[in-house]
Amino acid sequence: MSRRLLGVVLAGGASRRMGADKALLTHPDGSSWLEAQVQLLRSVGLEVCVLTGHGRHQALLSSREGVTVQAEPWQPAGPLWALSCVLHDRDDEALLTLPVDMPGLRCEALQQLIRCWRSQPSRALVADDGSRLQHLFGIYPCGALYRKALDDELTEGKGRWCGWLERIPHDTVKLPSDQLVNVNRPIDLAALTG
């Protein structure tokens, strides 16, 4: 069965460690980090859903073609809770998730992830930077198995993405580590901008 691929930007975090909304930081291309991630997904032909609890994100993206913004129904509770808003039990779709705070990602790595996933579209595929998994950057099929595992993690586990990953069939793909840096704190940002 062919699965439709939908891009999902995870942008609902509180950005406590950064001290400012990371999604609105200025990207090297001059746009915001949020706009850059949306454009990256659009550049490979994906429709995009932005999961966020921030009203300013809706305003920023309101005129973008192929982009919807879905408000999280609660205060930032973590990315797995956000994903639970869009991961359904039909097996006709997969979600390419991308955190807003990975500003170094480029199109080639995104295309490599998609190509590798297409060889096993019934399994999740998670980015690996060579030293650890970057689980928020991956492709996750929808379907009953994945939805049940997500619900089980939210009710029985700790609501952690890694906990969900332990419950689902997945593979990993090594991608360039310099593109997979999560920027969470001002010191991370300073290192990124040199």
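Conventions used here
- Residues numbered from 1 in each chain as written.
- Predicted model: local features only at pLDDT ≥ 70, side-chain atom pairs only at ≥ 80, totals over all residues.
- Heavy atoms only, no water.
- Helix = DSSP H or I, 4+ residues; strand = E, 2+ residues; numbered from the N terminus.
- Contact = heavy atoms within 4.5 Å.
- Buried < 20%, exposed > 50% of the residue type's maximum accessible area, 1.4 Å probe, protein only.
- Salt bridge = Lys/Arg side-chain N within 4 Å of Asp/Glu carboxyl O.
- Pairing = 2+ DSSP bridges.

What the chain contains, in helices and strands, is seven helices and seven strands. Starting at the N terminus and ending at the C terminus, the chain contains elements arranged as β-α-β-α-β-α-β-α-β-β-α-α-β-α. Restricting the contact set of the chain to residue pairs at least 6 apart, pairs at least 24 apart contribute 72%.

We now examine the environment of W117. Looking at the secondary structure, you find W117 in helix α4 (residues 107-118). Under the relative-accessibility criterion, W117 is labelled buried at 1%. Taking the C-alpha atoms as reference, W117 lies 9.4 Å from Y140; in sequence the two are 23 residues apart. Not counting residues up to four positions away in its chain, the partners in contact with W117 are R3, L5, A94, R123, L125, I139 and P141.

The next point concerns the pattern of salt bridges. The full count for this structure, using the stated rule, is 10 salt bridges. The salt bridge partner of R106 is D178, with a shortest N-O separation of 3.9 Å. Of this pair, R106 sits in the loop between β4 (93-99) and α4 while D178 sits in the loop between β7 (170-174) and α7 (186-193), and the two are 72 residues apart along the sequence. The residue D171 makes a salt bridge to R123 at a minimum N-O spacing of 2.9 Å. Of this pair, D171 sits in strand β7 while R123 sits in the loop between α4 and β5 (124-128), and the two are 48 residues apart along the sequence. Classification of R123 as partly exposed rests on a relative accessible area of 27%. Look at the salt bridges and you will find they share partners, linking R4, E47 and E93 into a network.

The buried fraction of strand β6 (residues 133-141) amounts to eight of the nine residues, a majority that puts the element mostly inside the structure. Bridge count between β4 and β6: four bridges; the pairing is antiparallel. Counted as the bridge partner of L95 is Y140 from β6. Both β5 and β6 contribute to a ladder of four bridges, which runs antiparallel. By the bridge assignment for β6, V126 is matched with G138. The hairpin formed by β5 and β6 contains four residues between the paired strands, and G130 there has a positive phi angle of roughly 100°.

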